[in-house]
Every structure is written in C-alpha cells, then in structure tokens.
Amino acid sequence: MRILHIVPSYFPAVRYGGPIVSVHGLAKASVAAGHSVDVFTTNADGPGALAVPTDRWVDVDGVRVRYFARARPLRLFRAPAMATAARQALRDYDVVHIHAIFLWPIVTMARACRKAGVPYVLSPRGMLVKSLFQARSGLVKRLWMALFDRRTLEQASALHLTAQTEADDIAAFGYALPPIAIIPNGVDTVQPSRTEQVKTNNPPFLLSLGRINWKKNLPALVAGFAMADVADLRLVIAGNVEDGDLAAVRSAVADHQLEARVTIIDHSVEGEEKAALFADCAAFILPSLSENFGNVVVEAMAAGAPVIVTERCGVADVVRAANCGLVCAPDAASLGHAIDQMFADPQTMHSQGQAGQRYARAHLSWSAIAARMDALYRSVVKTRHA
C-alpha cells in the first residue's frame, strides 16, 4: 500500500512530545513491512523553525518526509504549500492517516481527502476530553469543533484510538462516530540493560519524564512524594517546559522543602540521556490528569522498570494486563500511597519490571502494532473500492 501520514510536527522537533515518536515508529515499521510510506508535516519547532529543506523530500530513517514552511498564525501550524502539494498528490495514495485535531493541517487535509475520494483514518491523539476543554481554551475549542473538526471526525473512514479511556472520552461528546479501532502505541523493544542499584553509590530515584505542563499534574506528584515514607528515594522530573508551567513545579518543591531530593531536568530528554534515565531509575511514574496513551510508560516497561500510572492514562489498561506496576487516582494522597506501596516490596518491584519487559516485547513491538494498523488500513481501502 501507499500510505501518507499527516502530522503537524515531526522529528527533530521533539518538544512536541509523544505523537512524533509514535507516528515515526509506526511509519518505520510500515516501511519495514514493505509498504510505501510518506509524511507531510511542517517545519515547526516552537517559536522558530527546523533547519530542514522545505522544497524537497527528506529521508528520515527510511521514511520519506516532506516538510512545509509554517506561516502565520504559527499556533495553527498553517502551511499553505501543503495544501497545494495535497491537491497534486493525494490520489496517488491508498490511505491517509491524519494525526491530531484543532490545527490547520488537519482540517485542510481532511477536506482535501474527501474531495479526492481518498479514505482517511483520524487519530485525535487525546485532544478530545471534556474536562480538558473546561480547563483550557474551552470556548475556542468548542467553536473550532462546531465550525471545522466535527466534520473531520464524523466523516473519517475510521477512528484510531489508543485506549478504551480515549474512546469513552470521545463518546461523551455525542458525535456520530465512524468505525473505531483501538490500537496502542508501540515501543522500541531494544533497550539498554538496567543498572542494579547495589552497584552504585547514588540513592535510587523515581523518574517522571515527559513535557512539563499542567496536564502532567506534576505539583500533585511532588506533594504525593512528600507524603510518602521513602526518605532515601529521590525524584527526577525531566522534560521540555511548556507555557510557564515549570514555575508551579518549582513552587511545589519549595513548599514541601524537597530541594535536596527532587531534581528537575528542564529540557527535552532524548537519545543516550533518555536511555540512561530509563535504565537507571528504580521505577517510573506518570501522574497525568489525562493521557490518550502514554508512550513513556511503555518505554519504561521495555527497559524493565516497574511503573505507576494514574487511572486517567490510556496505558493503564496495558499496565494492568502486564501486571507491571500500579494504577492510582491522580490526587496527591493516592500518588503518595502508590509510591509507598511500590517501594515497600523490592522483590515485587523486580518481578513487575520483568513482567513489563516481557509484555512489551510480546505485544508492543512496532512490528506487531504496524501489523494491526495495516489491517485497519486495508479495511478502509477495501470499503473505498467496494
């Protein structure tokens, strides 16, 4: 098949988090399975632009990527040349996979697919949650859905979601939804060996890695960490800072007098630095208020770390299935109790880490996920030609 992915941002713009990793992982695996895979994206990189060509295809790990220059308003990721290229090329593809909503490329490319008669699969990537609407920019998002993306959603050939929690969140809006496929994100199952804590003089640490923004619920994590009876444990919070939310995290650390036990790495963590954190941490925690999935959790699992996640993370279903950690509520007391419960039994922690690693290798490799996605693509292509 010829597959085109539409995603507003792409490597190396890692500041935008999980969708970039998951789209690229899927694209590489589809190429390895013998498909022709292209990506349309923008050169967005925060307030600036990536140093990439915008007039030709670029090879990124065997995936053909076309970066289009972003125009104002930058926040909408508007790229007029992408629309022009789509009009010329869309009919060459069997299926288009669109990732995200609320942005110019999503509306424009969905409309172009409908006009060209090319089926498209939509992955909202956790952006359709009523509680998040109420917390940030609710009126703007409701207007955008009414004017633009409700049609994008309802007229998709299929909806790809990563967990049942995401399906439940979207169902709450009452839209007329297309067929739904729940397929989790995959993970690179080749991870470095974990460091035994007994071999180092450093105290063990609990790791939280991801974007530092309000949705990640990090002040509550700090408060819960302060409540936990784990005096010899450190907490490491790492990730790219968004919208000034680092100040709230630092304030929580100061309020609980944890400066000596909490380390904040306030930049995007990738490559060897990221691998080392996963390999060396005693456990991993994702305290988010909402996550359609939670890629970092399966990365931690693949590295052999036991995990704690909140019940609002889509990956909680995976954690339960793998028996590789704990699922708790997102409030400080529940997070603190989960930390206490996990670190009270080192042998169980070790067993959970091994169980998670086995599960990731058996069920979450990108080749396995790409095979499931391939079946979804074929189903919409078959419907197109029926």
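What you are looking at is a predicted structure, and each value in this text was computed from that prediction instead of being measured.

Q: I tried to follow the overall build of the protein chain on my own but got confused; where do I start?
A: Counting its regular elements, the protein chain contains 14 helices and 16 strands. Taking 386 residues into account, the globule formula puts the C-alpha radius of gyration at 21 Å, and the protein chain, at 21 Å, falls close to it. Each of the three principal axes of the protein chain carries a C-alpha extent, and together these read 60 × 40 × 40 Å. When contacts within the protein chain are restricted to residue pairs at least 6 apart in sequence, long-range pairs at least 24 apart make up 71% of them. As displayed, the protein chain has an accessible area near 16,200 Å², and 51% of this comes from carbon and sulfur atoms. Between the averaged position of the 39 positive side-chain charges in the protein chain and that of its 34 negative side-chain charges there is a distance of 10 Å.

Q: When you look at the pairing of strand 14 (residues 283–286) in this model, what are you seeing that I'm missing?
A: Consecutive residues of a regular strand have side chains that alternate between opposite faces of the sheet. Residues of strand 14 alternate between two faces, with A283 and I285 on one and F284 and L286 on the opposite face, all of them buried. Note that strand 11 (residues 205–209) and strand 14 share two bridges and pair parallel. Bridge assignment links L206 to a residue of strand 14, and that residue is A283. Relative to strand 15 (residues 307–310), strand 14 runs parallel, the two sharing three bridges. Within strand 15, the residue paired with L286 across the bridge is V309. Regarding topology, helix 10 (residues 295–302) serves as the crossover connection from strand 14 to the parallel strand 15, and that connection is right-handed.

Q: In this structure, what is going on with the packing of aromatic side chains? I would like to understand it.
A: Aromatic ring pairs are described here by two measures, namely the spacing of the ring centres and the angle between the planes. Applying the stated rule across the entire model yields seven aromatic pairs. Ring centres of F40 and F68 lie 5.1 Å apart, and the angle between their planes is 75°; on these two criteria the pair is classed as edge-to-face. Within this pair, whereas F40 is found in strand 2 (residues 36–42), its partner F68 is found in strand 6 (residues 63–68), the two being separated by 28 residues in sequence. Pair check on accessibility: F40 and F68 agree, each one buried. Directly above the ring of Y93 sits R2, whose terminal nitrogen or CZ lies 4.6 Å from the centroid.

Calculation notes
- Residues numbered from 1 in each chain as written.
- Predicted model: local features only at pLDDT ≥ 70, side-chain atom pairs only at ≥ 80, totals over all residues.
- Heavy atoms only, no water.
- Helix = DSSP H or I, 4+ residues; strand = E, 2+ residues; numbered from the N terminus.
- Rg over C-alpha atoms; globule rule 2.2 N^0.38 Å.
- Contact = heavy atoms within 4.5 Å.
- Areas by Shrake-Rupley, 256 points an atom, 1.4 Å probe, with all protein chains shown as cover.
- Lys, Arg positive; Asp, Glu negative; His and termini not counted.
- Charge placed at Lys NZ, Arg CZ, Asp CG, Glu CD.
- Buried < 20%, exposed > 50% of the residue type's maximum accessible area, 1.4 Å probe, protein only.
- Pairing = 2+ DSSP bridges.
- Right-handed = clockwise from strand over helix to strand, strands pointing away.
- Phe/Tyr/Trp six-rings, centres within 6.5 Å; stacked < 30°, edge-to-face > 60°.
- Lys NZ or Arg CZ within 6 Å of the ring centre and 35° of its normal.

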